[in-house]
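Here are the chains, one letter per residue:
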Amino acid sequence: MNAPLRIAPSVCPHDCTSTCALEIEVRDAKHIGRVRGSTRNTYTNGVICEKVARYAERVHHPDRLQHPLKRSGPKGSGQFTRISWDEALDTVAEQFQRATAKHGSEAVWPYFYAGTMGLVQRDGINRLRHQMKYSRWYSTICVALSDTGWAAGVGGKRGVDLREIDEHSDLVVIWGGNPVNTQVNVMTHAMAARKRGAKLVVVDPYRTGTAAQADMHLAVRPGTDGALACAVMHVLFAEGYADWPYLRKYTDAPDELAAHLASRTPQWAAGITGLTVEEILAFARLYGATKKSFIRCHHGFSRSRNGAANMHAVTCLPAVTGAWQYPGGGAVYGQTGMYPLQRELIEGSELIDPSIRALDQSRLGPILTGDPEALHHGPPVTAMIVQNTNPAMVCPELQLVHKGLAREDLFLCVHEQFMTETAAFADLVLPATTFLEHDDMYTASGHTYFQVARALIEPLAECRENHWVIAQLARRLGARHRAYDMSAWEIMDEVLRVSGMWDAQKNLDAGGQDFALPFEQAHFLDGFPTPEGRFRFKPDWKSCGGRWQEMPVLPDHMDVIDKACEARPYRLVAAPARTFLNSTFTETPGSLAREKRPTALLHPEDCAALGVAEGDRVQIGNERGAVLVHVRPQGGQQRGVVVVEGIWPNRHFENGMGINALTSAEPGWPNGGAVFHDTAVWVKRCD
Ligand SMILES: Nc1nc2c(c(=O)[nH]1)N[C@H]1C(S)=C(S)[C@@H](COP(=O)(O)OP(=O)(O)OC[C@H]3O[C@@H](n4cnc5c(=O)[nH]c(N)nc54)[C@H](O)[C@@H]3O)O[C@H]1N2
Ligand SMILES: Nc1nc2c(c(=O)[nH]1)N[C@H]1C(S)=C(S)[C@@H](COP(=O)(O)OP(=O)(O)OC[C@H]3O[C@@H](n4cnc5c(=O)[nH]c(N)nc54)[C@H](O)[C@@H]3O)O[C@H]1N2
Ligand code: SF4
Ligand SMILES: [Mo]
């Protein structure tokens, strides 16, 4: 007879701002059944995405890595033989020591990202990095531009609690994101507001699943949101929608802003955004006339060279109308600044040596192919351990990434759950646990809960958690730290205690601790978290460093994008797919069946001009490379825009190079950040 099913709590660890509270059917010590959303968290409130509901497909996938492997064929051949953990770990330590002896410790670059968002398993790699003086980490692939742009005006990474919109907002603007694909819970709340009669506006270059549900869809040209925001503010000032008492009390330079915007007319913005003057006016008037207006700023529209400037421009809107003051009014982008976490024990931040170079995550291609500037004019990178990321698919300038990963003089160790395209380049592959097989704790960005989760099943075969691997390497490298003698649970417990938060068990029992701020603070009525307590129309870009001098003094259209031109007349948006999560889930049958194949969405008139119809093949290319995809004509986007959803495995493209072969590793302004949706390309019909 089957044992009764146990339903156990967990937390989704994937790189998604929803950080959903989960309920897992535990079938036995090794198997799970269905995954459902839990109502113990009132933001995620029982709703989860389809890919995680099918998690049994992933955790019990026959292709999960099970044993340490050593390369037995040429680099990238995918030929491996099984070895013991001891041999594997001894080899990594030896190779790191060899690289250090030859070129200095900066030749070693531990490379990680957010495959799991669990703080202990994700960030422990930094402790070892700092102790060993390995090259430091400049994290740019995801939030660099959006964080910079949000902080420029607001001052800190927090905003209004999105749960407010259900009952209070009269207008919800989803700006530069597609939550139907990427964070389904935003839609639950937006739809609750809409049911009450609130209007929904979506600003996105193409007709996404989100845009399809909107009352108004503003299909801007990619990289032009700053112009749209300025024209909207022009109308707000010109037509009496500006809240002057609010502006005088809570903002830094409203008179200068109003004067500056006098020339940023809807006509001006129409020329840049490709929208009509009527569309801009209609949106501006709707926004101006609705006090309880809420903007959900997403990451998507920040992934352009001018993305930080555009994010800042959009955050200025509620400061002009004073929407911040009202329940259901204001904006949010991320809430991670809310948690009082002291992370030293996890990251070893007290060990940081600022004289060690910090290499830019998104510039992996230039770094591994010896670009002196990318290397800060220092030694080459000759040894790496990769955890929680799949750069051979997700990084820009993919040809350079692959060329670099294939270097004979690079020692590469990849700790993974699957034989990803990055792992296939490795000298050593180590098998990793999933969140169902290890303990960890999670902040969220879309909401304000802090959540703890326990391992629910035994690790598959010889899979090991990240914390264990780092501790084992540290021992072999002679790096001592108390954290290496602690379990992940003990680290969590101590971090929570010193941070003044609930301890791990209490958090688990309560189903998460909510750090939502009281209304006054959440709406910045006690001041914005800038040094002078006011919202900044004139950001202190200088404090960001980098190319700050080129940033607009007041919100504007920053004309630094990869503009369409005669040779490359299209602008590519490399948007996320619904049932992949970056490159994760590209191995699960359910997701592959839904996404079908890499597809270019093109305006029907562009299809006609190119002489292509549904299902025909086109090549999309630029100076970096070309990819081959099938076409789908789709209205609701401008001519000259081409959208390819999903970071498909490179092998799904006929020439073996995925979409990031086209994207650029040039850093965004002012201080870096990847620019995945800022690419001029040509499109050609294939016969
Ligand atoms: N299913 C799924 N979920 C995911 C991911 C995934 O790959 N798949 N990725 C996860 C990760 S790592 C992150 S960071 C989050 C991101 O999630 P969000 O912050 O919600 O942002 P995205 O949905 O990525 O934004 C993509 C949208 O931005 C639009 N966009 C691109 N350029 C512009 C522009 O210039 N202006 C405007 N207005 N819009 C633009 C695209 O057309 C696309 O519809 O999602 C996470 N969730
Ligand atoms: N074209 C295009 N490219 C993009 C984007 C885009 O919108 N368009 N978005 C960018 C963004 S926002 C981001 S954040 C990056 C994300 O890029 P990545 O960080 O590479 O994200 P994933 O592709 O999900 O890869 C995470 C990997 O971590 C592994 N993993 C998960 N949990 C664990 C664990 O506990 N231990 C170990 N050792 N491994 C684990 C998974 O198996 C998976 O292979 O991609 C970027 N690339
Ligand atoms: S919506 Fe995001 S956080 Fe929620 S289950 Fe899906 S991937 Fe995980
Ligand atoms: Mo991301």
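On a predicted model such as this, the values are computed, not experimentally measured, just so you know.

A. Seen up close, the overall build of the protein. On a plain count of helices and strands, the protein comes out with 26 helices and 25 strands. Computed over its C-alpha atoms, the radius of gyration of the protein comes to 25 Å, within 12% of the 26 Å expected for a compact globule of 687 residues. Based on the C-alpha atoms only, the size of the protein along its principal axes is roughly 70 × 60 × 60 Å. Taking the contacts inside the protein whose residues are at least 6 apart along the sequence as the reference set, 75% of them involve residues at least 24 apart. Carbon and sulfur atoms make up 50% of the accessible area of the protein, which amounts to about 23,900 Å² in all. Side-chain charges in the protein split into 71 positive and 76 negative, and the spacing between the mean points of these groups amounts to 1 Å.

B. Region of interest: the domain arrangement of the protein. Assigned domains within the protein: domain 1 (6–59), domain 2 (69–132 + 343–441 + 462–501), domain 3 (159–333) and domain 4 (570–685). A separation of 33 Å is found between the C-alpha centroids of domain 1 and domain 3. At the junction of the two partners, domain 1 supplies 11 residues and domain 3 supplies 12 residues. Surface buried jointly by domain 1 and domain 3 totals about 830 Å² across both partners, of which 51% is contributed by carbon and sulfur atoms.

C. Structural context of the site of ligand 2. Near ligand 2 you find 30 residues, and of these Thr-389, Asn-390, Glu-416, Ser-583 and Thr-584 are the closest. With respect to ligand 2, the backbone of Asn-390 contributes an N or O atom lying 2.8 Å from an oxygen atom. Within the contact set of ligand 2, a nitrogen atom lies 2.9 Å away from a backbone nitrogen or oxygen of Val-394. Within the shell around ligand 2, the residues separate by chemical class into 10 nonpolar, 16 polar and four charged. Two domains each provide a minimum of three residues to the shell around ligand 2, namely domain 2 (69–132 + 343–441 + 462–501) and domain 4 (570–685).

D. Examining the nonpolar core more closely. Ranked by internal contacts, the top residues of the largest apolar core, which has 89 residues, are Phe-96, Trp-109, Val-381, Met-384, Ile-620 and Val-642. For this core, the two domains that each supply at least three residues are domain 2 (69–132 + 343–441 + 462–501) and domain 4 (570–685). Of all hydrophobic cores here, the second largest spans 72 residues; its members include Leu-171, Leu-317, Val-320 and Phe-528.

How each quantity is defined
The numbering scheme is per chain: residues are counted from 1 as the chain's sequence reads. The lettering of chains begins at A and the numbering of ligands begins at 1, in the order of writing. Where totals are concerned, whole chains, interfaces and linings use all residues; where local detail is concerned, this predicted model gives features only for residues with pLDDT of at least 70, and gives and counts side-chain atom pairs only at 80 or more. Where side-chain values are given, they derive from all heavy atoms of the structure, hydrogens and water being excluded. The secondary structure listing takes helices from DSSP runs of H or I that are at least 4 residues long and strands from runs of E that are at least 2 residues long, numbered from the N terminus. Radius of gyration: C-alpha atoms only; globule rule: 2.2 Å multiplied by the number of residues to the exponent 0.38. Any pair of residues with heavy atoms lying within 4.5 Å of one another is described as a contacting pair. Accessible surface area values rest on a Shrake-Rupley calculation with a 1.4 Å probe, where residue burial reflects the displayed protein chains alone. Think of it this way: Lys and Arg go in the positive column, Asp and Glu in the negative one, and His and the chain ends go nowhere. Charge placement uses NZ in Lys and CZ in Arg. For Asp and Glu, CG and CD serve respectively. Throughout, the edges of the domains are those of an automatic or database domain assignment. Reported buried area values correspond to the accessible surface (1.4 Å probe) lost by two parts on association, with both partners' losses combined. In this text, near means that some heavy atom of the residue lies within 4 Å of the molecule or strand in question. In the analysis that follows, any N or O atom pair within 3.5 Å is treated as a polar contact, provided that within protein one partner can donate a hydrogen and the other can accept it, and provided that, for residues neighboring in sequence, both atoms belong to side chains. Following the grouping adopted for this structure description, the nonpolar residues are Ala, Val, Leu, Ile, Met, Phe, Trp, Tyr, Cys and Pro, the charged ones are Asp, Glu, Lys and Arg, and the polar ones are all others, Gly among them. Working definition of a nonpolar core: buried Ala, Val, Leu, Ile, Met, Phe, Trp, Tyr and Cys residues. They are joined through side-chain atoms within 4.5 Å. Buried residues are those whose accessible area, probed at 1.4 Å on protein chains only, stays under 20% of the maximum for their type, while exposed residues exceed 50% and partly exposed ones sit between those limits.

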